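The primary structure of each chain is shown beneath.
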Amino acid sequence: MEHGTSGFTKAGLGRLRDVLARHVDSGKVPGLVALVARGDGTHVEALGTMRHDGGPPMRRDTIFRMASTSKPVSVAAAMVLLDECRLRLDDPVEPWLPELADRQVLKRLDGPLDDTVPARRPITVRDVLTSTFGLGMDLTALGTPIMGAVFEQGLTPDLPTPMPEPDEWMRRLGTLPLMHQPGERWQYHISSDLLGVLVARVTGQPFETVLRERVFEPLGMKDTGFHVPAGDLDRLPPLYAPDPQTGEFHVWDPADGGRHSRPPAFPGGGGGLNSTVDDYHAYFRMLLDQGMHRGERILSRPAVDLMTTNRLTPTQQAARHAMATDNVHLSFGQGQHGGWGFGMAVRTHRGDYAPVGQFGWDGGSGTSTYADPRHQVVGILLTQVGMSVPDAARLIHDFWTTTYQAIDE
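Residues numbered from 1 in each chain as written. Predicted model: local features only at pLDDT ≥ 70, side-chain atom pairs only at ≥ 80, totals over all residues. Heavy atoms only, no water.

1. Observations regarding the overall build of the chain
Link 1 in the chain: Of regular secondary structure, the chain possesses 13 helices and 17 strands.
Link 2 in the chain: Taken over C-alpha atoms, the radius of gyration comes to 20 Å for the chain, in line with the 22 Å a tight globule of 409 residues would show.
Link 3 in the chain: Looking at the chain as a whole, 57% of its 409 residues qualify as buried.
Link 4 in the chain: Expressed as a percentage of contacts within the chain between residues at least 6 apart in sequence, the contacts between residues at least 24 apart total 68%.
Link 5 in the chain: Accessible surface computed for the chain: about 16,100 Å², of which carbon and sulfur atoms make up 52%.
Link 6 in the chain: Put simply, the chain has 39 plus and 49 minus side-chain charges, and the middle of one group is 3 Å from the middle of the other. (Helix = DSSP H or I, 4+ residues; strand = E, 2+ residues; numbered from the N terminus. Rg over C-alpha atoms; globule rule 2.2 N^0.38 Å. Buried < 20%, exposed > 50% of the residue type's maximum accessible area, 1.4 Å probe, protein only. Contact = heavy atoms within 4.5 Å. Areas by Shrake-Rupley, 256 points an atom, 1.4 Å probe, with all protein chains shown as cover. Lys, Arg positive; Asp, Glu negative; His and termini not counted. Charge placed at Lys NZ, Arg CZ, Asp CG, Glu CD.)

2. A look at the packing of helix 6 (residues 166-174) against helix 7 (residues 190-203)
Packed helix pairs are characterised by how far apart their axes lie and by the angle those axes make with each other.
Link 1 in the chain: Contact geometry of helix 6 with helix 7 gives a least axis separation of 11 Å together with a crossing angle of 125°. The pairing of helix 6 with helix 7 is recorded here as oblique in orientation. Considering how the two elements wind past one another, helix 6 and helix 7 form a crossing that is left-handed. Side by side, helix 6 and helix 7 meet where Pro166, Asp167, Trp169, Met170 and Leu173 of the first sit next to Ile190, Asp193, Leu194, Val197 and Arg201 of the second.
Link 2 in the chain: Looking at the contact of helix 6 with helix 7, its residues break down into 7 nonpolar, no polar and 3 charged. (Axes fitted to C-alpha atoms, helices over the stretch in contact; angles between N-to-C directions. Parallel < 35°, antiparallel > 145°, perpendicular 65-115°, else oblique. Left-handed = near helix turned anticlockwise from the far one by under 90°. Nonpolar A, V, L, I, M, F, W, Y, C, P; charged D, E, K, R; others polar.)

3. A closer look at the side chain of His189
Link 1 in the chain: Along the chain, His189 falls in the loop between helix 6 and helix 7.
Link 2 in the chain: Polar side-chain contacts of His189 include one of 3.1 Å to the side chain of Asp193.
Link 3 in the chain: What His189 contacts, discounting residues up to four positions off in sequence, is Lys71, Met137, Pro157, Gly270 and Gly271. (Polar contact = N/O pair within 3.5 Å; in protein donor to acceptor, adjacent residues only side chain to side chain.)

4. Notes on the nonpolar core
Link 1 in the chain: With 115 residues, the main nonpolar core has Leu129, Trp169, Tyr283, Leu287 and Leu299 as its most contacted residues.
Link 2 in the chain: Sorting elements by how many residues they give to this core places helix 13 (residues 391-406) first, with 8 residues.
Link 3 in the chain: With sequence-adjacent residues up to four places away left out, Tyr283 is seen in contact with Pro72, Val73, Val75, Ala76, Val215, Leu219, Met221 and Met307.
Link 4 in the chain: In terms of nonpolar packing, the next biggest core, distinct from the first, is built from 5 residues, Ile63, Val228, Leu233 and Leu236 among them. (Core = buried A, V, L, I, M, F, W, Y, C linked by side-chain atoms within 4.5 Å.)

5. Re the side chain of Arg103
Link 1 in the chain: Note that Arg103 resides in the loop between helix 3 (76-83) and strand 6 (104-106).
Link 2 in the chain: For Arg103, which is buried and forms no salt bridge, the nearest opposite charge comes from Asp102, at a distance of 7.5 Å.
Link 3 in the chain: A polar side-chain atom of Arg103 sits 3.1 Å from the main-chain carbonyl oxygen of Glu99.
Link 4 in the chain: For Arg103, the contacting residues outside a window of four places in its chain are Val117, Pro118, Ala119, Ile123, Leu173, Gly174, Leu176 and Leu178. (Salt bridge = Lys/Arg side-chain N within 4 Å of Asp/Glu carboxyl O.)

6. Considerations on the packing of aromatic side chains
Link 1 in the chain: Going through the model one piece at a time under the given rule, you end up with 14 aromatic pairs.
Link 2 in the chain: Judged by centre distance (6.2 Å) and plane angle (35°), the rings of Trp400 and Tyr404 are tilted. Pair noted here: Trp400 and Tyr404 are both in helix 13, with a separation of 4 residues, about one helical turn.
Link 3 in the chain: What makes Tyr404 buried here is its relative accessible area of 11%.
Link 4 in the chain: Three or more aromatic residues joined by ring pairs form one cluster here, namely Trp186, Tyr188, Trp340 and Trp361.
Link 5 in the chain: Above the plane of the ring of Tyr370 lies Arg347, whose end atom (NZ or CZ) is 5.9 Å from the centre. (Phe/Tyr/Trp six-rings, centres within 6.5 Å; stacked < 30°, edge-to-face > 60°. Lys NZ or Arg CZ within 6 Å of the ring centre and 35° of its normal.)

7. A look at a nonpolar patch on the surface
Link 1 in the chain: Together, Leu139, Leu142, Phe151 and Leu330 give the surface a local cluster of nonpolar side chains, amounting to about 320 Å² of exposed area.
Link 2 in the chain: With respect to the element layout, Phe151 can be found in helix 5 (residues 145-152).
Link 3 in the chain: When its relative accessible area of 30% is taken as the criterion, Phe151 is described as partly exposed. (Patch = residues over 30% accessible without salt bridge, like charges linked within 9 Å, V, L, I, M, F, W, Y side chains within 5 Å.)

8. Concerning the environment of Leu113
Link 1 in the chain: With respect to the secondary-structure elements, Leu113 resides in the loop between strand 6 and strand 7 (116-118).
Link 2 in the chain: Looking at Leu113, the relative accessible area reads 34%, which means it is partly exposed.
Link 3 in the chain: Residues Leu113 and Gln376, spaced 263 residues apart in sequence, show a C-alpha to C-alpha distance of 47 Å.
Link 4 in the chain: Aside from chain neighbours lying at most four places away, what touches Leu113 is Leu106, Pro145, Ile146, Ala149 and Pro177.

9. A few points about the pairing of strand 3 (residues 41-51)
Link 1 in the chain: Sheet topology places strand 2 (residues 31-38) next to strand 3; 8 bridges connect them, and they run antiparallel. Within the sheet, the bridge partner assigned to Arg38 lies in strand 3 and is Gly41.
Link 2 in the chain: Counting the residues in the hairpin turn of strand 2 and strand 3 gives 2 residues, including Gly39, whose phi is positive at 60°.
Link 3 in the chain: Where strand 3 and strand 4 (residues 54-57) come together, 2 bridges link them in antiparallel fashion. Each bridged residue has a counterpart across the sheet, and for Arg51 the counterpart in strand 4 is Gly54. (Pairing = 2+ DSSP bridges.)

Pasting the structure below:
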C-alpha cells in the first residue's frame, strides 16, 4: 500500500499501521483510510470495512463525508476572488449580502433577542474570512435564546432537517441579532457557510461551480464535491453516530438515499464536502507548495500565507483558547491549537506532538486533515464514526502521535 516511503522510517510506518489496526480491531471504528506524505513519498493504509457489520473493505478511493474538514478547502474559493481583486478584505459585505445590513447586536450573550444595540460598523469580508462577523456556534452559550434561535431557524447542519437553499438561509440569518460586534470575537462555523453564499453572489455562479472550476479540477480532485454521483455511491460508507451511553452503532446518514446522494439545497462550505485521501492530499500539498501544483499556480503565495498563519488578535485568541480548554469534555480534546487563519486552525503553541505552524482541521464525522510546513508533512485520517463518542477523536490523536514519531530526521 505504499509507493516510496522517503521521509518516514520503515519501523515508524510499521508502528503507525499497528496503532491504526488496534483501533479497527477494537470494534469501535469499522474502518479507516490514512495517508501520510512527505516530499515525494506517500504512504496509505486502508484498514477494516465500510460498515460496522462487515461488508466491502475500505479502499484508498473510498469517499468520505469530510464534515468540518471542508472548511480549509472551501475557503480557497474566496481566496481566488481576493487574488483577482473581485473581493477586498476590508470591503463591507452588504452589496452582496444585503440581508446583513444594519445589524443589531445583543447587549448580553444570554439576553433576550430584542435587547440589542446597533452594530458599531458594517460586517466586512475580513470578518467573514476570520470567523469574526458576529455569529457562530458557541459551545459556551448552549441554552441561550440566540443559540436556540440559530438551531430553530435551521442555520446549522446536523439537524434532522437539512439547511434551506442559500437565499432562504440568508433571509433567516438576517432576522437574528449578532452575538458580538463585528470583528470582536472568533466564533465557529457559520462564517464558513456564509462564505459560500458570498462567493456565489460575487461570481454569479453556484458555490460548487466556482470550487470545481478554480480549485478541484486544476488540482485533479475528481472525487470532491457536495454530493456523490449515483455511480460512486458504493464507495461511500454509512456515517455512524454511535449512542453516547451504549456505544451502539446508529446510522446517521446512509449512502443510498442519504444526504450526500444528491445535490444539497445548501452547499455548505462549513461541512458539506465529500472527498478522498488523494484529493485532499493534492490540496494540502498545494498549500505546502505556496499555491503551486505541478507548475501551475492555483493561489498566490500571499493568499496561502494569509490562510495558514494565525489571524486572531490576542484577545480573540484568549477566547478561543478558553473555549478549547474549558470544553475538553465536549470536544474530546480536539481543537486546542491556539490560533486560526482563514478556514482552518493554526498551531501557535506546542500542545502535543505537532509543531507550531501546523495547519488544518478535524471533522465531526471522524476526519482529520493537516499539513506541517516545518517537516513538509501532510497527514489525512478518514473514518465515518461521528464524534458522539470519543473513539474517532482518540484514533485521530494516536494517528498524529505516531506519525510524528515516524518522521525520518
